[in-house]
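This is what each chain is made of:
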Amino acid sequence: MAEIGRWIGNERGRAGDPLWQKIRPEKLSENTPATYLCHGDPQGTQYSLGEADVSLRSGWFYHASQHPKSLPDLLDIYMDSVGRGTPLLLNVPPTKEGLLAEEDVQRLQEFHQVISDLYTDNRAYQAKVSCSNEKEGFPSSHLTDGREDTFWAPASDESAYVLEIDLGQTRSFNLVEIREPITKGQRIAGFTLEVKQENGWIVFAHGQTIGYKRLLLGQMVEARYLRLILTDFQALPLLNKLAVYKTPAVLEKKNTVAIMPITKTAKIVRKHSVLFIQTPLQIAKQGRLIFPLFHQLLKRRYNTRLIFLVSNTKPLVVGRQNFYLSFSFLEQFINIIFFLMIRRP
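Please read these numbers as outputs of a predicted model, since none were measured by experiment.

A.B. asks: Just checking my understanding: could you explain the nonpolar core for this structure?
C.D. replies: Side chains of a nonpolar character, in soluble globular proteins, are inclined to be buried together. Residues F173, V176, F204, L226, L230, L239 and L242 are the most contacted members of the largest nonpolar core, which totals 30 residues. Not counting residues within four places of it along the chain, the set of residues in contact with V176 comprises L193, F204, R214, L215, L216, L226, L242, A243 and V244. By size, the runner-up hydrophobic cluster in this structure holds 17 residues, among which are L74, V82, L118 and L175.

Now the structure itself:
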């Protein structure tokens, strides 16, 4: 498979979401928009591995006045690069003596230890997987067999595919890893991952692309059963791994989801630089009309993705827009706007 490597479009070490590891060669030039490089192209004709680069320090060269990034920051970058299926190129600048600074080495050792510990206990290894649509010789059990050369494949076309995973007993976890056999191409364009609780199935995560590796970090849950629903794909979907982990404490604390109630009919869920607004469809549509008015005014602030989810239905993105808002301001602003919208005659 021929490859055209590409820069991910920023020097923050963060890949886009969704991330397609393919492009159209005719679109690459010195004027190619950074967003195209960051997300790839779902209609791409050429495999292209985006490489996410960032420096351990604030600059690319060593300065005694600078310090390495914190461990939580490095882990956050890891989730937004490796966790989205692209390699992380971490620059470590040497001192003028040609050596690595002691504090840099210490931070790298801490980073390595957490990443190593992260994958120590795969709680879905050898777990039972079931799917009603399996091609002979490519059963869904390949997702949890621990091998890289096997994969699940469906026998026929369907509008959606459902795979259920039984961990054998109730387990605590907050991270799920999913992989496609990338040598067969990147195919999946929409999925939802659910866990079974006492009151039924609830959404753990959802997204568009999976690719070589997708890490889905969510709230800590206790569950025995998971359900992966593939809702969109460019060709018959293929999967070769599903793993479940409980992250080290430093990752868990950094990525705990904060939920702030707004009214009886709407709530905010904040995670990383993504702000989810879960609300009835009518209010979500009204919100889509109101928020763009503030886009230009605040675009020089913090880059935050805003996603509307419709409550009381399957997770459905009914609006998506990039906004440049600080979380503290946005939380206060949304409280006021929803208060007015809900009570408006």
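A.B. asks: For this particular structure, what's the right way to read the pairing of strand β10 (residues 214–233)?
C.D. replies: For strand β7 (residues 161–179) and β10, the ladder comprises 13 bridges, and the chain directions are antiparallel. Within β10, the position partnered with V176 by the bridge is L216.

A.B. asks: When you look at the sheet that holds strand β4 (residues 50–55) in this model, what are you seeing that I'm missing?
C.D. replies: Hydrogen bonds along the backbone pair up the strands of a sheet, which may run parallel or antiparallel. One open sheet holds the three strands; their spatial order is β1-β4-β5, and the pairing between them is parallel. Bordering the open sheet on either side are β1 (6–7) and β5 (88–91), each of which pairs with just one other strand. Taken together, the four bridges between β4 and β5 define a ladder with parallel strand orientation. Bridged to S55 within β5 is N91. Against the sheet, helix α2 (residues 71–81) makes contact with β4 and β5, and its axis sits at roughly 150° relative to β5, the strand it touches most.

A.B. asks: Mind showing me how you'd approach the pattern of salt bridges here?
C.D. replies: A side chain of one charge can pair with a side chain of the opposite charge if their charged atoms are brought near each other. This structure, assessed with the given rule, holds 15 salt bridges. Across the salt bridge formed by E110 and R107, the nearest N and O atoms sit 2.8 Å from each other. In this pair, E110 and R107 both sit in helix α3 (residues 102–118), three residues apart, roughly one turn of the helix. The class of E110 is partly exposed, set by a relative accessible area of 27%.

A.B. asks: Is there a simple way to think about the side chain of S172 in this case?
C.D. replies: Within the secondary structure, S172 is located in strand β7. When sequence neighbours within four positions are dropped, the list of residues in contact with S172 reads R123, M220, V221, E222 and K246.

A.B. asks: Can you walk me through the packing of aromatic side chains in this structure?
C.D. replies: Aromatic rings considered in pairs are described by the distance between their centres and by the relative angle of their planes. All chains considered together, the criterion is met by six aromatic pairs. Arranged with centres 6.2 Å apart and planes meeting at 85°, the rings of Y78 and F111 form a pair that is edge-to-face. Here Y78 is found in helix α2, whereas its partner F111 is found in helix α3, with 33 residues between them in sequence. Neither Y78 nor F111 differs from the other in exposure class; each is buried. When the centroid spacing of 5.9 Å and the interplanar angle of 75° are considered together, the rings of W152 and Y161 count as edge-to-face. The residues W152 and Y161 share a single accessibility class, namely buried. Taken together, the aromatic side chains of W152, Y161 and F233 make up a single cluster linked through ring pairs.

About the cut-offs
Residues numbered from 1 in each chain as written. Predicted model: local features only at pLDDT ≥ 70, side-chain atom pairs only at ≥ 80, totals over all residues. Heavy atoms only, no water. Core = buried A, V, L, I, M, F, W, Y, C linked by side-chain atoms within 4.5 Å. Buried < 20%, exposed > 50% of the residue type's maximum accessible area, 1.4 Å probe, protein only. Contact = heavy atoms within 4.5 Å. Pairing = 2+ DSSP bridges. Helix = DSSP H or I, 4+ residues; strand = E, 2+ residues; numbered from the N terminus. Axes fitted to C-alpha atoms, helices over the stretch in contact; angles between N-to-C directions. Salt bridge = Lys/Arg side-chain N within 4 Å of Asp/Glu carboxyl O. Phe/Tyr/Trp six-rings, centres within 6.5 Å; stacked < 30°, edge-to-face > 60°.

Note that every value here comes from positions in space, so none of it alone points to a role or purpose.
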